[in-house]
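Summary of structural features
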Amino acid sequence: MATIKIKQIKSKIGYPVDQKRTLQALGLHRIGEVVEKEDTPAIRGMIHKVHHLVTIVE
């Protein structure tokens, strides 16, 4: 299956706990960190939930 690279571009400080946990579930811990995940509907949903904190790296 295809993979997708996700980069955290903004701090999680000041955001709700569920969004912080979503970032943690994606494997993101600090600004500028990039993780590679499988492109599944579940991962897409997580990205959509924290779209203001992350970006997709091509």
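Let me begin by describing the structure that accompanies this report.

Cut-offs and rules
- Residues numbered from 1 in each chain as written.
- Predicted model: local features only at pLDDT ≥ 70, side-chain atom pairs only at ≥ 80, totals over all residues.
- Heavy atoms only, no water.
- Pairing = 2+ DSSP bridges.
- Helix = DSSP H or I, 4+ residues; strand = E, 2+ residues; numbered from the N terminus.
- Axes fitted to C-alpha atoms, helices over the stretch in contact; angles between N-to-C directions.
- Contact = heavy atoms within 4.5 Å.
- Core = buried A, V, L, I, M, F, W, Y, C linked by side-chain atoms within 4.5 Å.
- Buried < 20%, exposed > 50% of the residue type's maximum accessible area, 1.4 Å probe, protein only.
- Salt bridge = Lys/Arg side-chain N within 4 Å of Asp/Glu carboxyl O.

Let's talk about the sheet that holds strand S3 (residues 54-57)
If you walk across this open sheet you meet the 3 strands as S2-S1-S3, and the pairing is antiparallel. The strands lining the two open edges of the sheet, one partner per strand, are strand S2 (34-38) and S3. Ignoring which end each strand starts from, the neighbouring axes of this sheet average 35° apart. Sheet analysis places strand S1 (residues 3-8) next to S2, joined by 5 bridges and oriented antiparallel. Residue Ile4 lies in a different strand from S2, and its bridge partner there is Lys37. This element, helix H1 (residues 17-26), spans S1, S2 and S3 of the sheet and lies at about 75° to S2. Each of S1, S2 and S3 is contacted by helix H2 (residues 41-49), which is oriented at about 20° to S1, the strand it contacts most.

Quick look at the nonpolar core
Core analysis: the largest hydrophobic core is formed by 11 residues, namely Ile4, Ile6, Leu23, Leu26, Leu28, Val35, Ile43, Ile47, Val50, Leu53 and Val54. Elements with a contribution of two residues or more to this core: S1, H1 and H2.

Description of the pattern of salt bridges
According to the stated counting rule, one finds 2 salt bridges in the structure shown. In this structure, Asp18 and Lys49 form a salt bridge, with 3.1 Å as the shortest nitrogen-oxygen distance. Remark: Lys49 occurs in helix H2 and Asp18 occurs in helix H1; sequence separation between them is 31 residues. Taking relative accessible area as the criterion, Lys49 reaches 38% and is therefore assigned partly exposed. Asp39 serves as the salt-bridge partner of Arg44, at 2.7 Å between the closest nitrogen and oxygen.

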